[in-house]
Amino acid sequence: SEATCREMRAIQTGTLRPRFGLGWQREPGEFGQTCSPDTFGHFGSTGTMVWHDPATVTTFVLLTTRAASESRTSLLAPASDIIGRPNG
C-alpha cells in the first residue's frame, strides 16, 4: 500500500548517519550527485547497487562481483551519476 511505501522510506534511524528507512538507505547524495534528495536504495558487499529516485521515477540496478571497496568510486558512482541525470 502507499502507506507501507511511505513508512519504508521514512527515516527510521533518527540523527544517526547514514540514515535508513526500513531496509533502504536514505542518505542524500549517496547514490550519486544527480539524484534527488528523496532517492533511496541499497549497496551490496560485492559492489552491487540499487536505487529509486521518486522525483524522476528512475530505478537503477547495477550488479557486479567487484568488491564494493573497489567499485564504488570507479564504477557505481560514475554510472549512477549518468543514470540519475534528469534526462538520463
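Further up the page is the structure itself.
Heads up: these notes are all about the structure in this document. Predicted model, so just to flag it, every value in this text is computed and none were measured.

Some remarks on the pairing of strand β3 (residues 58-62)
Okay, so step 1: Taking every second residue as pointing to the same face, the buried face of β3 carries T58, F60 and L62, while none of T59 and V61 on the other face is buried.
Okay, so step 2: Linking strand β2 (residues 49-53) to β3, which pair antiparallel, is a turn of 4 residues; within it V57 sits at a positive phi near 55°.

Some points on the sheet that holds β2
Consider a sheet: its strands pair through backbone hydrogen bonds, and that pairing is either parallel or antiparallel.
Okay, so step 1: Read from one edge of the open sheet, 3 strands run β1-β2-β3, paired in antiparallel fashion. Strands at the two margins of the open sheet, each flanked by one partner only, are β1 (40-43) and β3. For this sheet, the mean angle separating the axes of adjacent strands, direction not counted, is 5°.
Okay, so step 2: Examined bridge by bridge, β1 and β2 share 4 bridges and lie antiparallel to one another. Each bridged residue has a counterpart across the sheet, and for H42 the counterpart in β2 is V50.
Okay, so step 3: Its contacts with the sheet place helix α2 (residues 68-84) against β1, β2 and β3, and it is angled at close to 160° to β3.

Things to note about the pattern of salt bridges
Okay, so step 1: Applying the stated criterion to the full structure yields 5 salt bridges.
Okay, so step 2: Between E27 and R17 there is a salt bridge, and its shortest N-O distance comes to 2.3 Å. In this pair, E27 is assigned in the loop between α1 (2-9) and β1 and R17 in the loop between α1 and β1, connecting sequence segments 10 residues apart.
Okay, so step 3: In this structure, E27 engages R19 in a salt bridge whose closest nitrogen and oxygen atoms are separated by 3.8 Å.
Okay, so step 4: Bridged by salt links that share partners, the residues R17, R19 and E27 form one connected network.

Notes on the pairing of β2
Okay, so step 1: Side chains M49, W51 and D53 of β2 all project onto a buried face; the interleaved residues V50 and H52 project onto a face where none is buried.
Okay, so step 2: With antiparallel pairing between neighbouring strands as the criterion, β1 and β2 make up a hairpin whose turn holds 5 residues, including G47 at a positive phi of roughly 85°.
Okay, so step 3: With 5 bridges connecting them, β2 and β3 associate as antiparallel partners. Within β3, the residue paired with V50 across the bridge is V61.

Calculation criteria
Residues numbered from 1 in each chain as written. Predicted model: local features only at pLDDT ≥ 70, side-chain atom pairs only at ≥ 80, totals over all residues. Heavy atoms only, no water. Buried < 20%, exposed > 50% of the residue type's maximum accessible area, 1.4 Å probe, protein only. Helix = DSSP H or I, 4+ residues; strand = E, 2+ residues; numbered from the N terminus. Pairing = 2+ DSSP bridges. Axes fitted to C-alpha atoms, helices over the stretch in contact; angles between N-to-C directions. Contact = heavy atoms within 4.5 Å. Salt bridge = Lys/Arg side-chain N within 4 Å of Asp/Glu carboxyl O.

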